[in-house]
Each structure stands twice: as structure tokens, then as C-alpha cells.
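Commentary on secondary and tertiary structure
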Amino acid sequence: MSTIVDDNTTDMAMEETLISPRFYTTNYKELDKVDVSSIRNEWDPLIKEMRSDPNKKHFQKTSAWDDFDFEDLEPGLRKEFIDFLVSSLTSEFSGCVLYKEMKRQGNNEDICELFAMMARDEARHAGFINDALREANIAVNLGFLTRKKKYTYFAPKFIYYATYLSEKIGYARYITIYRHLEKNPSARFHPIFKWFEKWCNDEFRHGEAFALLMRTDPKLTSGLNVYWIKFFLVAVYATMYVRDHARPEFHKALGVDIDWYDDQVLRMTTEISRQVFPIEIDHDNPKWMIGLKRVRKAMLAYGRAKQSKSIIGKLKLPITALNLGVAFARLYAIPAKKNIVPQSVRLQPIY
Ligand SMILES: [Fe+2]
Ligand SMILES: [Fe+2]
């Protein structure tokens, strides 16, 4: 076993930057009032599938878990890979905390059962990543995180938009890496990637549940809410773009071109999101990629100013914040494409 001792891992998960994964809380009472009877014919089969718990035995280290030593990785790659694991774990666990609380606070049988099953899945996902981290003698203290990490309040409709997208983008990310490594097994530098295929089907199902929840009330995907949907699409996509581009060594080791990978993942997410969103990002508009790059540059400058200890650095904070706001607004201003949502919501993970 490796001997890296790094007690900063929990600190990494505690980090509050613009792109670090957050913990959320919502109005559980309002969520408890959701009536799924209008979508019952699509709801019941999904719940039945989740009840059957297809991944019950999946998150265990079997003989497929090859020997691995973190110390065999180049320091740059090791740092980025640990960052990838911690950031994934924080996202997984963030879902677990949010979903579990619904089960605790609600009385609505349909909603509580769904959220309990999603919490079950996310707890497994987070636990499995922590198992992988333990091999480097490091792990994130999840109890500490639950108590001490800052919670961001989102009204239920914002939870729907944000969580729907993060579940579907999570699916798209995991399946894209998995398919790539299927074709290029020599780049699979850690066994955890072998678990991604079945794993991402959980995320796909969670996304399906939020798509159905959004269909219970047509107002959620029409009128002024369309502007909010666009806001979340742009924010979630830009965050992923910036976060991935901060890990060049990790993507190099996987043999993945980051621009190709992000484009692939975002287009896949857009294709899936046609099941419920009345608009979609126009990936073919050349301004989109230019705008993403501009947001990344502005975010890096803002991050540097924020971390700076010098007075000059601190003075740059307002201007870099303004630049970031402008860069985001320009990305937001790129016209979205209209989409006519299909009669039935449900999709299958066919990618
Ligand atoms: Fe998950
Ligand atoms: Fe999930």
C-alpha cells in the first residue's frame, strides 16, 4: 500500500470556489406537495426499476480491481487525479445529503421513496470513491463535511434544473470516459474507470426522475422559467469546461483531448435534455466555444485575484469580478435553439 499521507483531502472537499461542488438545501415542504399522478404511467416503471436496485452488488472491489499504487503516478498526474476523485466524491455526496433530507422531512410517499433510493445510490458512489482514496491512505471525512460545509439554498425549481443537469452531465461524463477506455484500454491507469458503465446508469435514472418531476407542472418549463433554464445550462456547462481544463495531466494520461471530450459530453447532455427543456445550447454557433474560452480566462484571473495576498492583487478583485460577469453575460446572450419536447419523457441510456 502507498504511504502518501495527505490530511488536506477534507479541506479540498470543503473548498468554496466558483467551480467547486456545493451542498444544497431546499424547501422540502414544497417538494413534499408534488403530485405525480399526471405522469404516473412513466413514473411507476422508473420507480420499479430503481426498487429492483440493479447496482446493489456493483460497488464492491472484485478481482477486476487491479493492484494500484498512487506513488506510481507522476506527481502532477497524482495531484490532478486526487483532485478529480475528491471533486467527484463531493458531488456524489452532495446529492446524497440533499436527497436524504427529503426522505427525513417529507410525508409524500412517491417523493420520499424516490429520494431515499437516490440517496442510497449516491451514498454508494461516494463510499466507493472514498475506498479508492483510502488506498493512498487518504479519505474525505464525510461526517465532518455534512456538519461543516456551507449549504446553498435553492428553491425546488432551481434544484430541478441544476440537479437534472448535473445527473445527466454526470452520466455523459462517465460513459464517455468508459467508451473511450474500452477502445484504449492501455490508458486505463486506475481500476475505478471499469466501474463507470453501470455506475452512470444510476445517474441516468436520477436524471429521468427529475425530468419527470419537471413535467408535473408545465409552468416549470415555460414563460420566464425558460430564462432560468438557459441560465443553468450556461452555468453548468461553463463550470464543467473550466473545471476540466484545470486538469491537463489527468486528461493526457487518459489519452483524451479535453476540448474533444467536453464538446462530446456537452453535446450528449444537450441531446438528452431535449426530453424536457424547451431550448437547447447551440453548440455549432462558433461564438459558443469562443465564449467558453473567455469565461475560463476571466475565471482564472478572478481566482488569482481572490487568492492573492498582495494589495495590488486584491485591488484587481472588483475588475476581475466584473470581467467574469461580462464574459458570462456574453455567453448567456448567444441565442439558444428552440426545442419541441416529445410527448413521452422517458429515455434509455443508449450511449
Ligand atoms: Fe452518483
Ligand atoms: Fe446521481
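Above this text is the structure in question.
What comes next concerns the included structure. Every chain begins its residue count from 1, and numbering advances along the sequence as written. The naming scheme follows written order: chains are lettered A onward, ligands numbered 1 onward. Residues qualify for local features only when their pLDDT is at least 70, as the model is predicted, and side-chain atom pairs are given and counted only at 80 or more; totals for whole chains, interfaces and linings, by contrast, use all residues. Remark: hydrogens and water are excluded; side-chain values derive from all non-hydrogen atoms of the structure.

Some remarks on helix α11 (residues 258-273)
- The numbering of helices and of strands both runs from the N terminus, where a helix is a DSSP run of H or I of at least 4 residues and a strand a run of E of at least 2. Here the expected length of a helix is defined as 1.5 Å per residue gap, with one fewer gap than residues. Helix length check: α11, at 16 residues, gives a terminal C-alpha distance of 22 Å against a target of 22 Å (1.5 Å per residue), a fit within 8%.
- A 1.4 Å probe rolled over the protein chains alone gives each residue an accessible area, and that area as a share of the maximum for its type sets the label: buried under 20%, exposed over 50%, partly exposed in between. When we look at burial in α11, the residues that qualify are I258, Y261, D262, V265, L266, M268, T269, T270, I272 and S273.

Considering the coordination of the iron ion (ligand 1)
- Atoms are scored as donors when they are N, O or S and lie within 2.8 Å of the metal, with 3.2 Å used for Na, K and Ca; no water is included, so coordination may look incomplete. Taken together, E92 (OE), E122 (OE), H125 (ND1), E203 (OE) and E203 (OE) make up the full set of protein donors to the iron ion (ligand 1), lying 1.8 to 2.8 Å away.
- If you list the donors of the iron ion (ligand 1) from N- to C-terminus, the spacing comes out as E-x29-E-x2-H-x77-E.
- The metal-metal distance between the iron ion (ligand 1) and the iron ion (ligand 2) comes to 3.5 Å, with E122 coordinating both. Placement of H125 in helix α5 (residues 109-134) and of E203 in helix α8 (residues 196-215) is noted, with a sequence separation of 78 residues between them. The residues H125 and E203 share a single accessibility class, namely buried.

Thoughts on the coordination of the iron ion (ligand 2)
- Bound to the iron ion (ligand 2) are the protein donor atoms E122 (OE), E167 (OE), E167 (OE), E203 (OE) and H206 (ND1), situated 1.9 to 2.6 Å from the metal.
- On the primary sequence, the residues serving as donors to the iron ion (ligand 2) are separated as E-x44-E-x35-E-x2-H.
- Taking relative accessible area as the criterion, E203 reaches 5% and is therefore assigned buried.

Examining the side chain of D53
- Mapped onto the elements, D53 comes out in the loop between α3 (40-51) and α4 (75-105).
- Between N or O atoms, a polar contact is any pair within 3.5 Å; within protein, one atom must be a potential hydrogen donor and the other a potential acceptor, and residues adjacent in sequence are included only when both atoms are from side chains. One polar contact links D53 to R124, side chain to side chain, over a distance of 2.8 Å.
- The contact rule is simple, with two residues in contact once any of their heavy atoms fall within 4.5 Å. When near neighbours in sequence (up to four residues on either side) are disregarded, D53 contacts R120, D121 and R124.

Side note on the packing of aromatic side chains
- For Phe, Tyr and Trp, where Trp contributes only its six-membered ring, two rings pair if their centres lie within 6.5 Å, and the inter-plane angle classes them as stacked under 30 degrees, edge-to-face over 60, or tilted in between. Following the criterion strictly, the structure yields 41 aromatic pairs and no others.
- Between F23 and Y151, the ring centres sit 5.5 Å apart and the planes meet at 70 degrees, which makes this aromatic pair edge-to-face. Of this pair, F23 sits in strand β1 (residues 23-25) while Y151 sits in strand β2 (residues 151-153), and the two are 128 residues apart along the sequence.
- Under the relative-accessibility criterion, Y151 is labelled partly exposed at 32%.
- Here the aromatic rings of Y161 and F232 are separated by 6.0 Å at their centres, their planes lie at 50 degrees, and the arrangement is tilted. Taken as a pair, Y161 in helix α7 (residues 156-183) and F232 in helix α9 (residues 225-245) lie far apart in primary sequence, 71 residues in all. The pair Y161 / F232 is uniform in exposure class, with both members buried.
- Charges are assigned to positions over rings by a cutoff of 6 Å between ring centre and Lys NZ or Arg CZ, combined with an angular limit of 35 degrees from the ring normal. One residue, K149, lies across the ring of F23, its end atom 5.8 Å from the ring centre.

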